[in-house]
Amino acid sequence: METTLVSDLFSDLDQAASLLKEKKKITYLEALCLAGEGIYTEQVVDASLRDQLEKLNRSFFREKMTSEDVRRAFQLAVLKGMKADPKPGREMTPDTLVLLIGHIVSVLAGSRPYTLLDPAVGTANLLTGILNQSETDQVDAFGADTDDLLIKVAYTSANLQQKDVHLLHQDGLKPIPCDPADFVVCDVPVGYYPDQESAEQYALNGINGKAYTHFLFIEQGLNHLKEAGYLVYLIPNSLFTEDKDRLFHDYVKKSAIILALLQLPAGLFQDAKNAKSIILMQKKGEHVKVPKQTLLAEMPDFMEEDKMTAFMAQLNDWLAEHSA
Ligand code: SAM
């Protein structure tokens, strides 16, 4: 991965988005989608900016650049747009976690074709990051989100990365028209789910008398998995303590196996209350083996190289043993 290439790609996206933002009086994220559309359709999206946009469109696709270079450059532009116009719940999965989850999926999937779903796909940074780390090109990928601008951002990013992804602008807790998945991944939205009628369709409705979005998304993920499929989610650390009546505990015991729980370093989160873990579960099925040991780990700070190397070795040994 070339850092200068990523910054050059970012610079092209940023220049085009900034021109369109000023000209059309729209937000940076909206302008970024328009700039991206101009690049992948090879069209000038504003005639009064023809000269500048044509030049930027022409220079974008460079020799030897990869989809991963484009994802990283686009991610920088999205971060800039989100910072300029912050909205609660409009977040992107950070790169370090995209790489870690991508690694877990890639090791478990190996070179087999697979179906992948992210029911709260946001900008598709997580989804496309997983696709880029995949050993196979044969991944049938689906993503859903309620936020229409983020779905547009996801669509733009996938097109620029030349990835074929089915994106659905819909509530991820309503039935999702996709094939049963081998992997469901999600950086789950945390909070209360306002649609009581839909919540009533879920066994995990009513934890502490409430409809928690994060619990419902776990049930939804398991609903959409094939037997023996994997769920890899970023969940709030508070999830287990919220489950006071052990409704979640009993539900999981019936339908899945918790294979690993990796607590992320506290330093990644501005407020310790919002700290998260990665949970890896496998849906029960005929040939599913219970692992000798659940992998429970507190992850070191990502900047502590020696500790991180030792952690990755432990994770890789565990994954190798599990997928053997
Ligand atoms: N993984 C995403 C990425 O890389 O950009 C970030 C996901 S973000 C932490 C959580 C997402 O959940 C937001 O994009 C939000 O719009 C979405 N969301 C919240 N409630 C939802 C629902 N009921 N159905 C679908 N998406 C939902």
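Rules used in this analysis
- Residues numbered from 1 in each chain as written.
- Predicted model: local features only at pLDDT ≥ 70, side-chain atom pairs only at ≥ 80, totals over all residues.
- Heavy atoms only, no water.
- Helix = DSSP H or I, 4+ residues; strand = E, 2+ residues; numbered from the N terminus.
- Buried < 20%, exposed > 50% of the residue type's maximum accessible area, 1.4 Å probe, protein only.
- Contact = heavy atoms within 4.5 Å.
- Areas by Shrake-Rupley, 256 points an atom, 1.4 Å probe, with all protein chains shown as cover.
- Lys, Arg positive; Asp, Glu negative; His and termini not counted.
- Charge placed at Lys NZ, Arg CZ, Asp CG, Glu CD.
- Pairing = 2+ DSSP bridges.
- Core = buried A, V, L, I, M, F, W, Y, C linked by side-chain atoms within 4.5 Å.
- Near = heavy atom within 4 Å.
- Polar contact = N/O pair within 3.5 Å; in protein donor to acceptor, adjacent residues only side chain to side chain.
- Nonpolar A, V, L, I, M, F, W, Y, C, P; charged D, E, K, R; others polar.
- Arc of directions from axis to C-beta.
- Axes fitted to C-alpha atoms, helices over the stretch in contact; angles between N-to-C directions.
- Parallel < 35°, antiparallel > 145°, perpendicular 65-115°, else oblique.
- Left-handed = near helix turned anticlockwise from the far one by under 90°.
- Salt bridge = Lys/Arg side-chain N within 4 Å of Asp/Glu carboxyl O.

Q: Would you mind going over the overall build of the protein in detail, with residue names and values included?
A: Looking only at helices and strands, the protein features twelve helices and eight strands. Across its three principal directions, the C-alpha atoms of the protein cover 60 × 45 × 40 Å. Classification of the 324 residues of the protein by burial places 53% in the buried group. Across the protein, every contact between residues at least 6 apart in sequence was considered, and the portion connecting residues at least 24 apart equals 72%. For the protein, the accessible area works out to roughly 15,900 Å², and carbon and sulfur atoms hold 50% of it. Side chains of the protein carry 32 positive and 47 negative charges; the gap between the two charge centres is 2 Å.

Q: Describe in detail helix α6 (residues 125–133), supporting the description with residues and values.
A: Counting buried residues along α6, eight of its nine residues qualify, which places the element largely inside the surrounding structure. Along α6, the residues classified as buried are N125, L126, L127, T128, G129, I130, L131 and N132.

Q: An account of the pairing of strand β8 (residues 295–298) is requested, with residue identities and associated values reported.
A: Of the two faces of β8, only one is covered, namely that formed by L295 and A297; the face formed by L296 and E298 stays uncovered. Here four bridges tie strand β6 (residues 256–263) to β8, and the two strands are oriented parallel to one another. Across the sheet, residue A260 finds its bridge partner in β8, namely L295.

Q: How would you summarise the nonpolar core if you had to cite specific residues and measurements?
A: If you look at the biggest cluster of nonpolar residues, it comprises 47 residues, and the most contacted ones within it are I101, L116, L262, I278 and L280. When sequence neighbours within four positions are dropped, the list of residues in contact with I278 reads L100, I101, I104, V232, Y233, L234, A260, L261, L262 and L264. If you look at the next biggest cluster of nonpolar residues, it comprises 34 residues, including A120, V184, L216 and I218.

Q: Explain the site of the ligand to me, using residue names and the numbers behind them.
A: In the vicinity of the ligand lie 22 residues, with T93, T123, D145, D171 and G172 positioned nearest. A distance of 3.4 Å separates an oxygen atom of the ligand from a polar backbone atom of N125. Note that an oxygen atom of the ligand is positioned 3.1 Å from one of the backbone N or O atoms of L126. If the ligand stood free it would expose 600 Å²; the protein chains cover 92% of that surface. Grouping the amino acids of the shell around the ligand by side-chain chemistry returns nine nonpolar, eight polar and five charged.

Q: Account for helix α3 (residues 50–60), with residues named and values stated.
A: The complete set of buried residues in α3 reads L53, L56, N57 and F60. For α3, the arc enclosing every buried residue in end-on projection is 100 degrees, short of the 170-degree limit, so these residues lie on one face. Exposed and oriented more than 90 degrees from the buried face of α3 are D51, K55 and R58. Here the buried face of α3 lies against α1 (3–24), α2 (28–41), α4 (67–84) and α7 (148–160).

Q: Break down the packing of α4 against helix α5 (residues 95–109) for me, citing the residues and quoting the values.
A: Put simply, α4 and α5 touch, their axes get as near as 12 Å, and they point 150 degrees apart. When the axes of α4 and α5 are compared, the pair comes out roughly antiparallel. In this structure, α4 contributes E68, R71, R72 and Q75 to the contact, and α5 contributes D95, V98 and L99. Grouping the constituent residues of the contact of α4 with α5 by class yields two nonpolar, one polar and four charged.

Q: Run through the side chain of T136, naming residues and quoting values.
A: Its location among the elements puts T136 in the loop between α6 and β2 (139–145). A polar atom in the side chain of T136 sits 2.9 Å from the backbone nitrogen of Q138. Not counting residues within four places of it along the chain, the set of residues in contact with T136 comprises S111, R112, P113 and Y114.

Q: I'd like a rundown of the packing of α1 against α3, residues and numbers included.
A: Relative to each other, α1 and α3 sit at 155 degrees, their axes nearing to 10 Å. What the angle tells us is that α1 and α3 run roughly antiparallel. Here α1 and α3 pass one another in a crossing that is left-handed. Where α1 approaches α3, its residues L9, D12, L13, Q15, A16, L19 and L20 are matched on the opposing element by Q52, L53, L56, S59 and F60.

Q: For the pattern of salt bridges, give the residues involved together with the corresponding values.
A: Enumeration according to the criterion identifies 17 salt bridges in this entry. Among the ionic pairs, K276 bridges to D187, the shortest N-O distance being 3.0 Å. One end of the pair, K276, is in strand β7 (residues 276–283); the other, D187, is in strand β4 (residues 181–187), with 89 residues separating them in the sequence. Note on accessibility: K276 and D187 belong to one class, buried. Across the salt bridge formed by K307 and E304, the nearest N and O atoms sit 3.1 Å from each other. Taking the relative accessible area as the measure of exposure, E304 reaches 35% and is therefore partly exposed. Linked through salt bridges whose partners overlap, the residues forming this network are E68, R71, R72 and D95.

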